[in-house]
Amino acid sequence: MRKFKTESKKLLDLMINSIYTNREIFLRELISNASDAVDKLYFRSLTDPDVAVGRDDLAITVAFDAEARTVTVSDNGIGMTKDEMDKNLGTIAHSDSYEFKAARAEEVAEAVTEGEAEGEPKGLADLTDVDIIGQFGVGFYSAFMVGKKVRVISRAVGSDEAWAWESDGVEGYDMVIAERSEHGTDVIVYLKDDTDEESFGAFATEHGLTSLIKRYSNYVRYPIKMEVTRTRKVEAPEAAEGDDAEAPAAPQWETYTEIETINSMIPIWKRRKSEVSQEEYNEFYKTDFHDFEDPARTISVHAEGSLNYDALLFVPSRAPWDMYSKDYQRGLALYSANVLIMDKCEELLPDYFGFVRGVVDSSDLTLNISRETLQHNGQLRAIARRLEKKIKADLANMRDDDREAYERFFEQFGRTLKFGIYQSYGMAKDALADLLLFYSAKQQKMITLDEYLADAPAGADAIFYAAGDSRERLAQMPLVTTVLAKGYDVLLCDQDVDEFCMMAMGTYGEHAVDGDDENKQPYFIKNVGADDLGLTTEEEKKEAEEATESNAELFEVMREALGDKVERVVVSTRLTDAPAVVTSEGGVSLAMVQVLKSQPGAEELPELHLALEVNVKHPVFATLQAAHEAGDDEKVRDYASLLFDQALIVEGIMPDNPLAFAQAIAALMK
């Protein structure tokens, strides 16, 4: 036995027990190595006239023996000589594939130079079409995670002899002469005994192997063949004379085996969009992402340049049932050289586009030694930025070209876009704000912020909105009808995230100040319940000041009656029909507090600064004045409480003491 060096033994132990976290990827690694071996042979055939091989003849075979507890991965690739086997398998972390890639790069460069000198490319398309997967020379040793012994039989192309390498992955390895009818390599894994925690024998089953092939190696460029068991109906034998001809013959079935190609080979995302029908895209999406509906949008990306990658993205028609739960996992499937690296790579999508499904495939990614994660995230971030722009552009096109479809999309995923602005403290508003839709009280339909501004009156400097739990109720609020009466539109926001989103944005777009295009300011986004909307004329302000001064004592009695519920009782400059309204001063509205109350940690609510605005032109105010002048301050206090609770109900908020409110109404009716 040839002994592993002490350093190699430590590295092998680290390999088996630490580098890989998922035992089932051993098959992915062995198939990837087989694919590399086949690629090397195909590349050799392009440059060596003595090697004649047809690409259609190249394949990988997977087999198992349940009784012997073995899994075998075979290829008819380039094979290994005795020295190559000793070097590649006896030296941990030596990558023959990595050396091959470097040598190939030099050959391609020479071919380019020669082709340019002769005025033709010298078959460069074929030369560059060999995509070697291996990098570190450690994938083979993942077999020891599931195997108590591994035997490798290999015969190099052009050689008459084959050699066998065998090891238990502990002390060392043996090498002996062997038999193999043609060039290529067999890797035979003798599975470990089952334990209470691990069932290694599950790998030596048809279902176990086919599922792993489809999961990790479905798009390896060469066919992965395997003998599978099938059943078929057998024709019933003809009835003999004397048999009851009326009795129907029971159907008979037989079991048989056949060699079947398990993998798909050519991934749909590598093909140009012009070569694929939408039906094919739909079928791939529904099959691979387990959806029963066709996607709303399909985005195909083929990037070449400093970073090469292919991507196929889908916008679902409906939000998954768990999308807004903490268990929802976003991310795209990440492939490298057609081999699955990660099921859901979160770094490829921002949270607000987390509903997008799809795959990204790039051979330029720098993977870590286990190929389970990435070594450097710079490449991933670059791809993510480009994909984000693609998704944004496609959604904008849908918004402009197919509004009905976009409104259906927004109904499903609009909350996610709004939450993206809020969660980023407004940092994402440049990317998302123009995609948002809100219901217009004036136009009575869903509109964008740009459409709101296009319909705004001349000189407008703000975007107005009202937040609550019902679009119908919001449309009837006194503050909304007042703003509408002044010629401005109001966006009716009935989702719990709406006001948080609006506050995070703060502003949107720009407008010229006093017609000066050189002097521009943003449009401020204002809640109609805020203390100052900027719609009051100087004359209205003056009338309010005079009314406040002349009724100062009355307002003080009302404020004392309401206690700490309000900080001020003031004259309203914006009410027309309603007797009173409750407004908030500062950044926190009544609607926002109601949303926060329903969330965990409701005991830590922000402090509210409320004011009761009274309409001095309403008949109710005259009643208040008369009671105060008559010295009946108890009636003033009762009416102040009634007005406050009534104003809350108009806002859609239940009074603190509904019983007291009902009793006050009953007393008033007497």
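Residues numbered from 1 in each chain as written. Predicted model: local features only at pLDDT ≥ 70, side-chain atom pairs only at ≥ 80, totals over all residues. Heavy atoms only, no water.

Draft legend 1. Geometry of the overall build of the chain. Scanning the chain from N- to C-terminus turns up 20 helices and 23 strands. The burial tally for the chain puts 47% of its 670 residues in the buried class. Across the chain, every contact between residues at least 6 apart in sequence was considered, and the portion connecting residues at least 24 apart equals 70%. Put simply, the chain shows about 34200 Å² of open surface, and 47% of that area lies on carbon and sulfur atoms. (Helix = DSSP H or I, 4+ residues; strand = E, 2+ residues; numbered from the N terminus. Buried < 20%, exposed > 50% of the residue type's maximum accessible area, 1.4 Å probe, protein only. Contact = heavy atoms within 4.5 Å. Areas by Shrake-Rupley, 256 points an atom, 1.4 Å probe, with all protein chains shown as cover.)

Draft legend 2. Quick peek at the state of the cysteines. Counting across every chain of the model gives 0 disulfides. For Cys493, which is in no disulfide, the shortest distance to another cysteine sulfur is to Cys501 and amounts to 8.3 Å. A relative accessible area of 0% means that Cys493 is categorised as buried. (Disulfide = S-S within 2.5 Å.)

Draft legend 3. A look at the packing of aromatic side chains. Counted according to the given criterion, the structure contains 25 aromatic pairs. Aromatic side chains Phe284 and Phe314 sit 6.1 Å apart centroid to centroid with 40 degrees between the ring planes, which places their arrangement in the tilted category. Of this pair, Phe284 sits in helix 7 (residues 278–288) while Phe314 is found in strand 11 (residues 309–315), placing the two residues 30 residues apart along the sequence. The pair formed by Phe284 and Phe314 is uniform in burial state, with each residue classed as buried. Taking 6.1 Å as the distance between ring centres and 80 degrees as the angle between the ring planes, the aromatic pair formed by Phe353 and Phe355 counts as edge-to-face. The same class applies to Phe353 as to Phe355, namely buried. Here the aromatic cluster, defined as three or more aromatic residues joined through ring pairs, consists of Tyr219, Trp269, Phe284, Tyr285, Phe289, Phe314 and Tyr335. Over the ring of Tyr190 we find Lys149; its NZ or CZ atom is 4.4 Å from the centre of that ring. Of note, Arg232 hangs over the ring of Tyr256, and the distance from its end group to the ring centre comes to 4.0 Å. (Phe/Tyr/Trp six-rings, centres within 6.5 Å; stacked < 30°, edge-to-face > 60°. Lys NZ or Arg CZ within 6 Å of the ring centre and 35° of its normal.)

Draft legend 4. Local environment of the pattern of salt bridges. Evaluation of the coordinates by the stated rule reveals 37 salt bridges. Measuring nitrogen to oxygen at the nearest pair gives 3.2 Å for the salt bridge that ties Lys392 to Asp434. Taken as a pair, Lys392 in helix 8 (residues 378–401) and Asp434 in the loop between helix 10 (429–432) and strand 15 (438–440) lie far apart in primary sequence, 42 residues in all. We note a salt bridge from Glu543 to Lys617, for which the minimum N-O separation is 3.9 Å. Highlighted residues: Glu543 in helix 15 (residues 538–550) and Lys617 in the loop between strand 23 (610–614) and helix 18 (619–629), separated in sequence by 74 residues. Judged by relative accessible area, which is 36%, Glu543 ranks as partly exposed. Connected via shared salt-bridge partners are Lys392, Arg399, Asp400 and Asp434. (Salt bridge = Lys/Arg side-chain N within 4 Å of Asp/Glu carboxyl O.)

Draft legend 5. Broad picture of the sheet that holds strand 19 (residues 507–513). Sheet architecture is open: 6 strands sit in the order 16-15-18-17-20-19, paired in mixed fashion. The sheet is open, and its two edges are formed by strand 16 (446–447) and strand 19, each paired on a single side. Note: strand 19 against strand 20 (residues 516–527), 5 bridges, orientation antiparallel. Each residue of the ladder has a partner; that of Val513, found in strand 20, is Asp516. Across the sheet, helix 14 (residues 498–505) is in contact with strand 15, strand 17 (462–467), strand 18 (491–493), strand 19 and strand 20; its angle to strand 17 comes to roughly 155 degrees. (Pairing = 2+ DSSP bridges. Axes fitted to C-alpha atoms, helices over the stretch in contact; angles between N-to-C directions.)

Draft legend 6. Structural detail: the packing of helix 2 (residues 25–47) against helix 6 (residues 206–216). Contact geometry for helix 2 and helix 6: axes closest at 9 Å, N-to-C directions at 65 degrees. With respect to helix 6, the element helix 2 is oriented roughly perpendicular. Handedness of the crossing formed by helix 2 with helix 6: right-handed. Counted together, Ile25, Leu27, Arg28 and Ile31 of helix 2 and Leu209, Leu212, Ile213 and Tyr216 of helix 6 form the full contact between these two elements. (Parallel < 35°, antiparallel > 145°, perpendicular 65-115°, else oblique. Left-handed = near helix turned anticlockwise from the far one by under 90°.)

Draft legend 7. Looking closely at helix 19 (residues 633–650). Taking 1.5 Å per residue, 18 residues should reach 26 Å; helix 19 reaches 26 Å between its end C-alpha atoms and fits that length. Where helix 19 ends, the next residue or the one after it, Gly652, has phi of about 85 degrees, a positive value. (Expected span 1.5 Å × (residues − 1).)

Draft legend 8. Region of the structure containing the sheet that holds strand 9 (residues 252–261). On the basis of which strands lie adjacent, the open sheet formed by 9 strands has the order 1-6-5-4-7-3-2-8-9 and mixed pairing. Across the chains shown, the open sheet's two edge strands, defined by having one partner strand only, are strand 1 (2–3) and strand 9. Examined bridge by bridge, strand 5 (residues 162–167) and strand 6 (residues 172–178) share 6 bridges and lie antiparallel to one another. In the sheet register, Trp163 faces strand 6, and the bridge partner there is Ile177. With respect to the sheet, helix 2 is in contact with strand 2 (60–65), strand 3 (70–75), strand 7 (184–191) and strand 8 (224–234), its orientation differing from that of strand 3 by roughly 20 degrees. Running over the sheet, helix 6 touches strand 2, strand 3 and strand 8 and is turned about 125 degrees from strand 8.

Draft legend 9. Main features of empty space enclosed by the protein. Within this structure, the stated rule accounts for 1 cavity of 30 Å³ or more. Here the largest cavity defines a volume of roughly 120 Å³. Lining the largest cavity are 14 residues, and of these Asn527, Gly529, Ser589, Leu590 and Glu651 sit closest to its centre. Listing elements by their share of the lining of the largest cavity, those giving two or more residues are strand 17, strand 22 (580–584) and helix 17 (590–597). The dominant element in the lining of the largest cavity, judged by the number of residues it contributes, is strand 22, at 3 residues. Grouping the amino acids of the lining of the largest cavity by side-chain chemistry returns 8 nonpolar, 5 polar and 1 charged. (1 Å grid on protein atoms, 1.4 Å probe; cavity = no way out; pocket = protein on both sides within 12 Å on 5 of 7 lines; lining within 4 Å. Points joined across faces, edges and corners; volume = space filled by probe spheres on them. Nonpolar A, V, L, I, M, F, W, Y, C, P; charged D, E, K, R; others polar.)

Draft legend 10. Inspection of the environment of Trp269 at higher detail. Relative to the elements of secondary structure, Trp269 occurs in the loop between strand 9 and helix 7. Separated by 32 residues in the primary sequence, Trp269 and Val301 have C-alpha atoms spaced 8.2 Å apart. Those residues in contact with Trp269 that lie beyond four places of it in its chain are Tyr219, Phe284, His302, Asp310, Leu312, Tyr335, Val359 and Asp361. A distance of 3.1 Å separates polar atoms of two side chains, one belonging to Trp269 and the other to Asp361. (Polar contact = N/O pair within 3.5 Å; in protein donor to acceptor, adjacent residues only side chain to side chain.)

Draft legend 11. Geometry of a negative patch on the surface. Taken together, the side chains of Asp514, Asp516, Asp517 and Glu518 present a region of like negative charge at the surface. For Asp517, the position within the fold is in strand 20. (Patch = residues over 30% accessible without salt bridge, like charges linked within 9 Å, V, L, I, M, F, W, Y side chains within 5 Å. Lys, Arg positive; Asp, Glu negative; His and termini not counted. Charge placed at Lys NZ, Arg CZ, Asp CG, Glu CD.)

No statement about biological role is implied by the geometric values presented.
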